[in-house]
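A closer look at the structure
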Amino acid sequence: MSDFGRIDGKTQLIGLLATPIKHSLSPAMHNLSFQKLGLNYAYMAFEVGNEQLANVVKGFRSLNIRGWNVSMPNKTKILNLLDKLSPAAKFAEAVNTVVNEDGILIGHNTDGIGYVRGLKEEGIDIKGKRITLIGAGGAGTAIAIQCAIEGASEIHIFNRIDETFDRAVKNADTINRNIPNIDCIATANSMDETEKLKYYIQRSDIVTNATCVGMKPLDGKSIIPDRSWLHSNLIVSDVVYIPRKTRLLEIAESAGCKAINGLGMMLWQGAEAFKIWTGQEMPVEYVKEQLFPDRLLDVKQTMITKAK
Ligand code: NAD
């Protein structure tokens, strides 16, 4: 790398295509990691919506850009612009990471991989687990598909009746019929089916909140009303990580459950993308210390609680 700065004639660009984009933590996460490992890459965010996406992908392809992340609203729109899809991206019908391998654009979905790895880091193996999964948007879909691929035995998906409900039905169908060589049973259910939700939670190993409930402006709210719905052997995981301890996780802890927030998913989905582009392991602990120190998240959580 040049002595005159981090960018030189050999620097490889990694992009992020999304809108809105200014809040994204991905540039900081990846640039910090490139710098820490002395890798000659730079990560830049580009404000790109559906209208510009095809032109941008064409431009990135002709510039031989190594790869990029894709976020809302482009995760499904990009499917038809790529040459190959990973199994997770194919079955979730969504891509969050693209890599250019010798001119072939390959789409991956690392969100579900990040979720499963986050659990693994907490000592939990998804294999054989019965899961109640609440939410079938982007996060819920990626989690459902990856958990099925990685050997969960049952996934009971609950979603409120809204524009994402059809996706819950589709995800259950995909798991039951389309993913080869798995032994997983999935159901799709309405959140209004309260007794059914309680029943599945009682016989689950893991309950996952993959909805926006718990995150601003729904902070202080929980998708599970109280601890009587839970049992002490449950693992309760939340995709939300700000605040670090959502109301759901507070309820879970009061019921004696193991409670896990979404920070692991966030870090490991990035780490998986990093590995796809560079072949190297992201220094996850270092990134966590630098970008998500406990004291910072605690301050944010206190501020949110005070503001209520
Ligand atoms: P999305 O818009 O695609 O889906 C939203 C989901 O939340 C749907 O299932 C919807 O039915 C449900 N929902 C929304 N409001 C609700 C309410 N009031 N009651 C019940 N259900 C409600 O969003 P997404 O991309 O799937 O994101 C969902 C959450 O996951 C967000 O909080 C997001 O920040 C978080 N997320 C975390 C990570 C991570 O790495 N930890 C990654 C992606 C998303």
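Residues numbered from 1 in each chain as written. Predicted model: local features only at pLDDT ≥ 70, side-chain atom pairs only at ≥ 80, totals over all residues. Heavy atoms only, no water.

1. Regarding the sheet that holds strand β9 (residues 185-190)
How we decide: Strand pairing is defined by DSSP finding a minimum of two bridges between the two strands. Strands here are runs of E lasting at least two residues and helices are runs of H or I lasting at least four, both read from the DSSP assignment and numbered beginning at the N terminus. Comment: axis = line fitted to C-alpha atoms, over the contacting stretch for helices; angle = value between 0 and 180 degrees taken between N-to-C directions.
Taken in spatial order, the six strands line up as β9-β8-β7-β10-β11-β12 in an open sheet, and their pairing is parallel. Edge strands, defined here as strands with exactly one partner in the open sheet, are β9 and β12 (258-260). Adjacent strand axes in the sheet meet at a mean angle of 15° when their direction is disregarded. Bridging between strand β10 (residues 206-209) and strand β11 (residues 235-238) involves four bridges; their strand directions are parallel.

2. Things to note about the side chain of T141
Our working rule: Contacts are assigned to residue pairs with any non-hydrogen atoms lying within 4.5 Å of each other.
Locating T141 in the fold gives a position in helix α5 (residues 138-149). Look past the residues within four positions of T141 in its chain and what remains in contact with it is A92, A136, R167 and N171.

3. Quick look at unusual backbone geometry
Going by this rule: With a 1.4 Å probe rolled over the protein chains alone, any residue whose accessible area is under 20% of its type maximum counts as buried; one over 50% counts as exposed, and the rest are partly exposed.
Cis geometry is adopted by the peptide bond preceding P20, which originates at T19 and carries an omega value of 0°. Looking at where P20 falls in the secondary structure, it is placed in the loop between β1 (12-18) and α1 (26-37). For the bond from I242 to P243, the omega torsion is 5°, close enough to zero to count as cis. A positive phi is found at N64, a non-glycine position, where the angle reads about 60°. Mapping N64 onto the fold places it in the loop between α2 (50-62) and β3 (67-70). On the basis of relative accessible area, N64 is assigned to the exposed category, the value being 52%. Even without glycine at this site, E93 takes up a positive phi of about 55°. Relative to the helices and strands, E93 resides in the loop between α3 (87-92) and β5 (97-101). Take E93: its relative accessible area is 27%, and that puts it in the partly exposed class.

4. Some details on the sheet that holds β1
Read from one edge to the other, the open sheet built from six strands follows the order β2-β1-β3-β5-β6-β4, with strand pairing classed as mixed. Both outer strands of the open sheet, β2 (41-47) and β4 (84-85), are each paired with one neighbouring strand and no more. In the packing of α2 onto the sheet, contacts are made with β1, β2, β3, β5 and β6 (104-108), and the angle to β1 comes to roughly 170°. Against the sheet, helix α9 (residues 263-278) contacts β1, β2, β3, β5 and β6, and its axis sits at roughly 10° relative to β5.

5. Side note on the domain arrangement of the protein
Applicable threshold: These domain limits were set by an automatic method or by a database of domain assignments. For any pair of parts, buried area is found by adding up, for both, the accessible area (1.4 Å probe) each one loses once the two are put together. Here a salt bridge means any side-chain nitrogen of Lys or Arg lying within 4 Å of a carboxyl oxygen belonging to Asp or Glu. The term polar contact refers here to a pair of N or O atoms within 3.5 Å; inside protein, the definition further demands a hydrogen-donor-capable atom paired with an acceptor-capable atom, and it admits residues adjacent in sequence only when both atoms are side-chain atoms. When residue character is reported, Ala, Val, Leu, Ile, Met, Phe, Trp, Tyr, Cys and Pro are called nonpolar, Asp, Glu, Lys and Arg charged, and the others, Gly included, polar.
Considered domain by domain, the protein is made up of domain 1 (12-109 + 265-296) and domain 2 (112-261). A straight line from the C-alpha centre of domain 1 to that of domain 2 covers 25 Å. Between domain 1 and domain 2, the residue contacts involve 15 residues of the former and 23 residues of the latter. A per-residue breakdown of the area domain 1 buries against domain 2 is headed by F91, M265 and W268, which together make up 48% of the total. At the junction of domain 1 with domain 2, the criterion picks out two salt bridges. A salt bridge links K170 to E93; its shortest N-O distance comes to 3.1 Å. Seen at the junction of domain 1 and domain 2, the total is three residue pairs in polar contact (both at pLDDT 80 or more). Elements supplying a minimum of two residues to the side of domain 1 that touches domain 2: α3 and α9. The biggest single contributor to the side of domain 1 that touches domain 2 is α9, with five residues. The residue inventory of the side of domain 1 that touches domain 2, partitioned by class, reads nine nonpolar, two polar and four charged.

6. Quick notes on the pairing of strand β8 (residues 154-159)
Note the threshold: Handedness of a crossover is defined as follows: orient the strands so they point away from the viewer, and if the path from the first strand over the helix to the second runs clockwise, the crossover is right-handed.
Burial of β8 is extensive: six of the six residues sit out of reach of the surface. The side-chain alternation of β8 yields two buried faces, one formed by E154, H156 and F158 and the other by I155, I157 and N159. As judged from the five bridges shared by strand β7 (residues 130-134) and β8, these two strands associate in the parallel manner. Bridging across to β8, T132 finds its partner in H156. Of the crossover connections in this fold, the one passing from β7 over α5 to the parallel β8 is right-handed. Handedness of the crossover is the feature at issue here: the chain leaves β8, passes through helix α6 (residues 165-178), returns alongside β9, and the resulting connection is right-handed.

7. Remarks on the environment of V95
Within the element layout of this structure, V95 appears in the loop between α3 and β5. V95 gets classed as buried once you look at its relative accessible area, which sits at 0%. Considering only alpha carbons, one finds V95 and W68, 27 residues apart in sequence, at a separation of 10 Å. In contact with V95, other than residues within four places in its own chain, are V70, K75, I78, L79, L82, L85, A89, G107, H108 and N109.

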